[in-house]
Amino acid sequence: QAFSQFVQAREVPDAARCSAGGERVRWRCCRQAFGELSGIHRHVALHHAGDVGRQAGASEEPLHSAPEISCALPDTSHISQDDLTSKVGEVLLYYCYCEVKDPEKLCAWQKALCQHLHLTGKVRVASEGINGTVGGSRVATNLYIEVMLSQPLFKDVLCQEDFKSSAGGAHCFPDLRVGVFKEIVPMGIDPKIVSYKETGIHLSPQEFHREVEEYLFQASQGQSNTILLDCRNFYESKIGHFQGCLAPDIRKFSYFPSYVDENLELFKDKRVLMYCTGGIRCERGSAYLRSKAVCREVYQLKGGIHKYLEEFPDGFYRGKLFVFDDRYAICSNEDIISACRYCGTLWDQYKLCSSQHCRQLVLTCSSCCNKGLTACCPVCQEKELKVTSRASGQTLKEECECTRRRPRVPIEQVSQRTLDAGK
């Protein structure tokens, strides 16, 4: 009853439901908007258990302590080995913020579960939750989702729609890596200082689509006070992004806080629409931006570009979606918005720089590759020659013309006209 009353108290009056969040907004809490009952229920269960308990006249302790971690593995005896290891499968992308009292135990279970189901990929575990990208057969990934949803730790927090899928399989990753970290997405800020609990307002793909449409219309009239912010890295936004976006020229997400700090004036009194691949970077990124108290409002795309493209494959996002596995990108439309580094022809298929010391990606077309132009820059090509002449075991610092010419944290010299044009 206390839970129901707590939710009811956050219901938006009928007259106010069309403002900012769209017609589907029915509840607001912690500066977030919710259109579905399950959404507000999950939010209250995760963030306000103690408040509900106190409202019910209980003690100051939270209504429920963090659930124990189940280490059970699913029965696969009825599944053939061929079905479990089939190369025709998919890649799952998901994350879940929740209190994890024993990250090491969750990590061990995750590793055992993925090995049991022949899944490869990367899973990050922390006291603040879990973040995973795994690939395998469809039988294996479906079973993985089923087991994750039955895990007591994720009950009422993780749901089916939180899993984003795309065609692929175990072959999309070289191996399986599961580990415990301080953050489930590496922003470089202590979660105790900037918490995912202070995020911007979540917008569904439909709501975000309407907001972007309105933003582009207002921008064309020279009247927009909104910034459409891509909080991914430069090599991601280079091959695909929303029309009219501001895409910071940063190499790592851990540079994003410094980018915000150096460009606070840019965000002053602005409405900010943020997006990223699957939504997780926006959780921490929007919280950091909000902590600076300069923006009018901060919104984020729930489920990220992945979920948006499921509903609007030919919408306002153009080009390919970069993914962190051996595919490098997945396609939803035919647009190519990037070019070969050497000849300038339209090209959006990444390769690793051919120099062994360098881990950067390069856009080099088939014709240029056939000419031997496979390094990301002349400095890398020179270093490759030095590497081959050195004794084994000696390494060179990862540095090249690409990194040397790019400032670690760019300071934007952006006029509103430039933002409006989407450059």
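Here's what I pulled together on the structure shown here.

Cut-offs and rules
- Residues numbered from 1 in each chain as written.
- Predicted model: local features only at pLDDT ≥ 70, side-chain atom pairs only at ≥ 80, totals over all residues.
- Heavy atoms only, no water.
- Pairing = 2+ DSSP bridges.
- Helix = DSSP H or I, 4+ residues; strand = E, 2+ residues; numbered from the N terminus.
- Axes fitted to C-alpha atoms, helices over the stretch in contact; angles between N-to-C directions.
- Buried < 20%, exposed > 50% of the residue type's maximum accessible area, 1.4 Å probe, protein only.
- Arc of directions from axis to C-beta.
- Contact = heavy atoms within 4.5 Å.
- Core = buried A, V, L, I, M, F, W, Y, C linked by side-chain atoms within 4.5 Å.
- Domains from an automatic or database assignment.
- Expected span 1.5 Å × (residues − 1).
- Parallel < 35°, antiparallel > 145°, perpendicular 65-115°, else oblique.
- Left-handed = near helix turned anticlockwise from the far one by under 90°.
- Nonpolar A, V, L, I, M, F, W, Y, C, P; charged D, E, K, R; others polar.
- Disulfide = S-S within 2.5 Å.

## Thoughts on the sheet that holds strand 9 (residues 226–230)
- A sheet is described by the order of its strands in space; here four strands give the open sequence 8-12-11-9, paired in parallel fashion. Edge positions in the sheet fall to strand 8 (201–203) and strand 9, since each of these pairs with one other strand and no more. For this sheet, the mean inter-axis angle between neighbouring strands, taken without regard to orientation, is 25°.
- Summarising the sheet, strand 9 and strand 11 (residues 271–275) pair through five bridges and their orientation is parallel. For L228, the partnering residue across the bridge sits in strand 11 and is L273.

## Quick notes on helix 2 (residues 37–47)
- Residues of helix 2 that are buried include every one of G39, I40, H43 and V44, and no others. Down the axis of helix 2, the buried set is contained in an arc of 125°. They therefore lie on one face.

## Some thoughts on the environment of A45
- Here A45 lies in helix 2.
- Classification of A45 as partly exposed rests on a relative accessible area of 34%.

## Focus: the sheet that holds strand 7 (residues 176–180)
- Strands sit in the order 6-3-5-4-7 across an open sheet of five strands; the sheet is mixed. Looking along the sheet, the strands with just one partner apiece sit at the ends: strand 6 (164–168) and strand 7. Taking each pair of neighbouring strands and ignoring which way they run, the sheet shows an average axis angle of 10°.
- Where strand 3 (residues 89–97) meets strand 6, five bridges bridge the pair, whose relative direction is antiparallel. Directly across from E90, in strand 6, lies its bridge partner A167.
- Relative to strand 6, helix 12 (residues 304–311) is tilted by about 80°, and along the sheet it contacts strand 3 and strand 6.

## A closer look at the nonpolar core
- Residues L229, F256, F267, M274 and L289 are the most contacted members of the largest nonpolar core, which totals 33 residues.
- Of all the secondary structure elements, the ones that give two or more residues to this core are strand 3, strand 9, helix 9 (256–262), helix 10 (264–267), strand 11 and helix 11 (280–291).
- Here this core spans two domains, since at least three of its residues come from each of domain 2 (81–180) and domain 3 (201–331).
- With residues up to four places along the chain from it excluded, the contact list for F267 reads I227, L229, Y259, V260, V272, L289, V294 and C295.
- C114, V147, M148 and V157 belong to the second-largest nonpolar core, a separate cluster that totals 31 residues.

## So, helix 5 (residues 103–116)
- The terminal C-alpha atoms of helix 5 lie 20 Å apart, and with 14 residues this matches the ideal 20 Å at 1.5 Å per residue to within 8%.
- If you check which residues of helix 5 are buried, you get P103, L106, C107, W109, Q110, L113 and C114. On an axial view of helix 5, the arc spanned by its buried residues comes to 165°, and they lie on one face.
- Against strand 3, strand 4 (120–126), strand 5 (129–137), helix 6 (138–150) and strand 7 lie the buried residues of helix 5.
- Phi for H118, located one or two positions after helix 5, is positive at around 60°.

## Quick word on the packing of helix 5 against helix 6
- Interaxial distance between helix 5 and helix 6 falls to 11 Å at its minimum, and their mutual angle equals 155°. When the axis of helix 5 is compared with that of helix 6, the two are roughly antiparallel. In this structure, helix 5 crosses over helix 6, and the sense of that crossing is right-handed. In this structure, helix 5 uses W109, Q110, L113 and C114 to contact helix 6, whose residues at the interface are Y144, V147 and M148.
- Class assignment of the residues belonging to the contact of helix 5 with helix 6 gives a composition of six nonpolar, one polar and no charged.

## A look at the state of the cysteines
- What the rule picks out here adds up to zero disulfides.
- Here C358 stays unpaired: no disulfide links it, and the sulfur of C380, its closest cysteine neighbor, is 3.7 Å away.
- Given a relative accessible area of 1%, C358 falls into the buried group.

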